[in-house]
Amino acid sequence: QVQLVESGGGLVQAGGSLRLSCAASGRTFSTYGMGWFRQAPGKEREFVACISSSGGSADYVDSVKGRFTISRDNAKNTVYLQMNSLKYEDTAVYYCATGFWAGRATTQKQYVFWGQGTQVTVSS
(Lines give C-alpha, C1' and ligand atoms only; values in the text may rest on other atoms or scores of the structure.)
Protein backbone atom coordinates (compact mmCIF):
# COMPACT_ATOMS: atom_id res chain seq x y z
CA GLN A 1 0.00 0.00 0.00
CA VAL A 2 1.53 3.27 -1.13
CA GLN A 3 1.23 6.05 1.43
CA LEU A 4 1.97 9.71 0.82
CA VAL A 5 2.14 12.21 3.66
CA GLU A 6 2.48 15.92 2.92
CA SER A 7 3.79 18.54 5.31
CA GLY A 8 5.04 22.11 5.29
CA GLY A 9 1.89 24.04 4.49
CA GLY A 10 0.88 27.13 6.39
CA LEU A 11 0.07 30.82 6.27
CA VAL A 12 2.51 33.14 4.51
CA GLN A 13 2.43 36.70 3.23
CA ALA A 14 2.48 37.42 -0.48
CA GLY A 15 6.05 37.39 -1.72
CA GLY A 16 7.10 34.84 0.87
CA SER A 17 8.25 31.25 0.54
CA LEU A 18 7.27 27.80 1.72
CA ARG A 19 8.69 24.35 1.15
CA LEU A 20 6.32 21.42 1.00
CA SER A 21 7.50 17.89 1.64
CA CYS A 22 5.90 14.58 0.77
CA ALA A 23 7.15 11.40 2.42
CA ALA A 24 6.38 8.21 0.51
CA SER A 25 6.28 4.61 1.65
CA GLY A 26 5.02 1.26 0.47
CA ARG A 27 7.10 0.71 -2.65
CA THR A 28 10.48 1.50 -4.19
CA PHE A 29 10.35 5.30 -4.31
CA SER A 30 13.15 5.78 -6.82
CA THR A 31 11.34 3.77 -9.50
CA TYR A 32 8.46 6.18 -10.03
CA GLY A 33 7.81 9.77 -10.95
CA MET A 34 6.04 12.09 -8.53
CA GLY A 35 3.77 15.09 -8.85
CA TRP A 36 2.12 17.95 -7.01
CA PHE A 37 -1.43 19.18 -7.59
CA ARG A 38 -3.48 21.87 -5.91
CA GLN A 39 -7.13 22.70 -5.42
CA ALA A 40 -8.36 26.17 -4.56
CA PRO A 41 -11.81 26.77 -3.03
CA GLY A 42 -14.51 26.44 -5.65
CA LYS A 43 -12.07 25.31 -8.33
CA GLU A 44 -11.04 22.02 -9.85
CA ARG A 45 -7.82 20.35 -8.80
CA GLU A 46 -4.99 21.34 -11.13
CA PHE A 47 -1.52 20.05 -11.97
CA VAL A 48 1.34 22.05 -10.49
CA ALA A 49 4.58 20.14 -11.11
CA CYS A 50 6.02 16.68 -11.68
CA ILE A 51 9.44 15.10 -11.57
CA SER A 52 10.87 11.94 -13.10
CA SER A 53 12.04 9.00 -11.03
CA SER A 54 15.69 10.04 -11.24
CA GLY A 55 14.94 13.70 -10.68
CA GLY A 56 16.52 14.54 -14.01
CA SER A 57 13.49 16.14 -15.59
CA ALA A 58 10.48 18.11 -14.44
CA ASP A 59 7.39 19.90 -15.75
CA TYR A 60 5.46 22.85 -14.36
CA VAL A 61 2.19 24.58 -14.99
CA ASP A 62 2.86 27.94 -16.61
CA SER A 63 1.55 29.94 -13.65
CA VAL A 64 4.33 28.69 -11.34
CA LYS A 65 7.28 28.53 -13.72
CA GLY A 66 10.21 30.49 -12.36
CA ARG A 67 8.72 30.56 -8.86
CA PHE A 68 8.27 26.91 -7.85
CA THR A 69 10.85 24.12 -7.95
CA ILE A 70 10.13 20.42 -7.56
CA SER A 71 12.91 18.15 -6.35
CA ARG A 72 13.34 14.75 -4.76
CA ASP A 73 15.67 12.89 -2.45
CA ASN A 74 15.49 9.21 -3.30
CA ALA A 75 17.56 8.29 -0.25
CA LYS A 76 14.89 9.86 1.96
CA ASN A 77 11.86 8.75 -0.11
CA THR A 78 10.74 12.36 -0.19
CA VAL A 79 9.66 14.82 -2.86
CA TYR A 80 9.69 18.57 -2.27
CA LEU A 81 8.02 21.64 -3.70
CA GLN A 82 9.90 24.86 -3.05
CA MET A 83 7.52 27.77 -3.52
CA ASN A 84 8.96 31.27 -3.79
CA SER A 85 7.38 34.65 -4.57
CA LEU A 86 4.04 33.31 -3.45
CA LYS A 87 0.91 35.05 -4.67
CA TYR A 88 -2.59 35.20 -3.23
CA GLU A 89 -3.78 33.00 -6.10
CA ASP A 90 -1.45 30.21 -4.95
CA THR A 91 -3.75 29.66 -1.98
CA ALA A 92 -4.98 26.07 -2.16
CA VAL A 93 -4.74 22.61 -0.70
CA TYR A 94 -1.63 21.02 -2.18
CA TYR A 95 -1.55 17.29 -2.88
CA CYS A 96 1.32 14.95 -3.55
CA ALA A 97 0.60 12.10 -5.94
CA THR A 98 2.17 9.29 -7.94
CA GLY A 99 1.31 6.52 -10.34
CA PHE A 100 2.95 3.70 -12.28
CA TRP A 101 5.30 5.68 -14.51
CA ALA A 102 8.93 6.73 -14.28
CA GLY A 103 8.97 9.82 -16.46
CA ARG A 104 6.70 12.84 -16.18
CA ALA A 105 2.93 13.06 -16.04
CA THR A 106 0.79 16.16 -16.14
CA THR A 107 -2.77 14.77 -16.19
CA GLN A 108 -4.71 13.59 -13.15
CA LYS A 109 -5.74 10.32 -14.76
CA GLN A 110 -2.09 9.22 -14.71
CA TYR A 111 -2.00 9.44 -10.92
CA VAL A 112 -3.24 6.59 -8.75
CA PHE A 113 -2.03 7.35 -5.23
CA TRP A 114 -2.73 10.63 -3.44
CA GLY A 115 -1.79 12.19 -0.13
CA GLN A 116 -4.26 13.85 2.20
CA GLY A 117 -3.18 17.37 1.24
CA THR A 118 -1.66 20.32 3.05
CA GLN A 119 -3.18 23.80 3.18
CA VAL A 120 -1.23 26.75 1.81
CA THR A 121 -2.70 30.16 2.48
CA VAL A 122 -1.13 33.30 1.05
CA SER A 123 -2.29 36.58 2.51
CA SER A 124 -2.34 39.62 0.25
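In the block above lies the structure referred to throughout.
Residues numbered from 1 in each chain as written. Predicted model: local features only at pLDDT ≥ 70, side-chain atom pairs only at ≥ 80, totals over all residues. Heavy atoms only, no water.

Trainee: Would you take a moment to explain the overall build of the protein chain for this structure?
Mentor: Within the protein chain, the secondary structure is distributed over zero helices and eleven strands. Element order for the protein chain, N to C, with α for helix and β for strand: β-β-β-β-β-β-β-β-β-β-β. Its C-alpha atoms give the protein chain principal-axis dimensions of about 40 × 25 × 25 Å. When the 124 residues of the protein chain are sorted by exposure, 45% land in the buried category. (Helix = DSSP H or I, 4+ residues; strand = E, 2+ residues; numbered from the N terminus. Buried < 20%, exposed > 50% of the residue type's maximum accessible area, 1.4 Å probe, protein only.)

Trainee: Would you mind showing me how to read the side chain of S52 here?
Mentor: With respect to the element layout, S52 can be found in the loop between strand 5 (46-51) and strand 6 (58-60). Each residue touching S52, except ones within four places of it in the same chain, is listed here: G33, S57, R72, A102, G103 and R104. (Contact = heavy atoms within 4.5 Å.)

Trainee: Honestly, the state of the cysteines in this entry has me stumped. Any pointers?
Mentor: Every disulfide links exactly two cysteines, by a covalent bond between their sulfur atoms. One pass over the structure, following the stated rule, counts one disulfide. Shown here is the disulfide that connects C22 with C96, its sulfur atoms set 2.1 Å apart. Residues C22 and C96 are joined by a disulfide whose S-S torsion is about -75°; by sign, that bridge is left-handed. Of the two residues, C22 is situated in strand 3 (residues 18-25) and C96 in strand 9 (residues 92-98); the sequence distance between them amounts to 74 residues. C22 sits in the buried class, given a relative accessible area of 0%. Given a relative accessible area of 0%, C96 falls into the buried group. Sulfur of C50: no disulfide; nearest cysteine sulfur belongs to C96 and is 12 Å away. Its relative accessible area of 0% is what places C50 among the buried residues. (Disulfide = S-S within 2.5 Å.)

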